[in-house]
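Notes for the structure review
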Amino acid sequence: MLSLIIPTYRNPEHLDICLRSAIENQTHKNEIIVAVDGYFEESAAVIKKYAHDITVLDLETNKGMQTALNLAVMNATNE
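In this report, the structure presented in the accompanying data block is examined.

So, the pairing of strand E3 (residues 55-58)
- Bridge count for strand E2 (residues 31-36) against E3 is four bridges, and the pairing is parallel. Within E3, the position partnered with Val 36 by the bridge is Asp 58.

Rendered as structure tokens:
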């Protein structure tokens, strides 16, 4: 089992495409972590759509991709 980390920042259209692809193309049940780097409200509808398949980490304010990725790695439970 793997942990798939998806950082996102103000891009709900691409997040939707990415999550749909990640979920539909899984051969095993992998952990999917979405690290929202601020502007959660812009991605809220997409996150709600996939809520049962993902773990969401909300940074609340923009702190940069490195911070989002580090937070996600620290919270991952798999490789």
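Thoughts on the side chain of Asn 30
- The residue Asn 30 is located in the loop between helix H1 (12-24) and E2 in this model.
- Among the polar contacts made by the side chain of Asn 30, one reaches the main-chain amide nitrogen of Leu 2 at a distance of 2.9 Å.

Observations concerning the pattern of salt bridges
- Evaluated as defined, the whole model comprises four salt bridges.
- A salt bridge links Arg 10 to Glu 42, with the shortest nitrogen-to-oxygen separation between them at 3.0 Å. A residue pair is termed long-range when its members are at least 10 positions apart, and Arg 10 in the loop between strand E1 (3-8) and H1 and Glu 42 in helix H2 (residues 40-49) qualify at 32 residues.
- Under the relative-accessibility criterion, Arg 10 is labelled partly exposed at 40%.
- Linked by salt bridges that have partners in common, Asp 16, Arg 20 and Lys 49 make up one network.

A word on the packing of aromatic side chains
- In total, this model carries one aromatic pair according to the counting rule given.
- Residue placement shows Arg 10 over the ring face of Tyr 39; its charged tip is 3.9 Å from the ring centre.

Quick look at unusual backbone geometry
- For Tyr 39, which is not glycine, the phi torsion reads 55 degrees and is therefore positive.
- Structurally, Tyr 39 is set in the loop between E2 and H2.
- Taking the relative accessible area as the measure of exposure, Tyr 39 reaches 31% and is therefore partly exposed.
- For Glu 60, which is not glycine, the phi torsion reads 65 degrees and is therefore positive.

Here we look at the packing of H1 against H2
- At their nearest, the axes of H1 and H2 sit 9 Å apart, and the two run at 15 degrees to each other. As the angle between them shows, H1 and H2 are arranged roughly parallel. Relative to H2, H1 is oriented so that their crossing is right-handed. Across the interface between the two elements, Pro 12, Leu 15, Asp 16 and Leu 19 of H1 pack against Glu 42, Ser 43, Val 46, Ile 47 and Lys 49 of H2.
- Looking at the contact of H1 with H2, its residues break down into five nonpolar, one polar and three charged.

Rules of the game
Residues numbered from 1 in each chain as written. Predicted model: local features only at pLDDT ≥ 70, side-chain atom pairs only at ≥ 80, totals over all residues. Heavy atoms only, no water. Pairing = 2+ DSSP bridges. Helix = DSSP H or I, 4+ residues; strand = E, 2+ residues; numbered from the N terminus. Polar contact = N/O pair within 3.5 Å; in protein donor to acceptor, adjacent residues only side chain to side chain. Salt bridge = Lys/Arg side-chain N within 4 Å of Asp/Glu carboxyl O. Buried < 20%, exposed > 50% of the residue type's maximum accessible area, 1.4 Å probe, protein only. Phe/Tyr/Trp six-rings, centres within 6.5 Å; stacked < 30°, edge-to-face > 60°. Lys NZ or Arg CZ within 6 Å of the ring centre and 35° of its normal. Axes fitted to C-alpha atoms, helices over the stretch in contact; angles between N-to-C directions. Parallel < 35°, antiparallel > 145°, perpendicular 65-115°, else oblique. Left-handed = near helix turned anticlockwise from the far one by under 90°. Contact = heavy atoms within 4.5 Å. Nonpolar A, V, L, I, M, F, W, Y, C, P; charged D, E, K, R; others polar.

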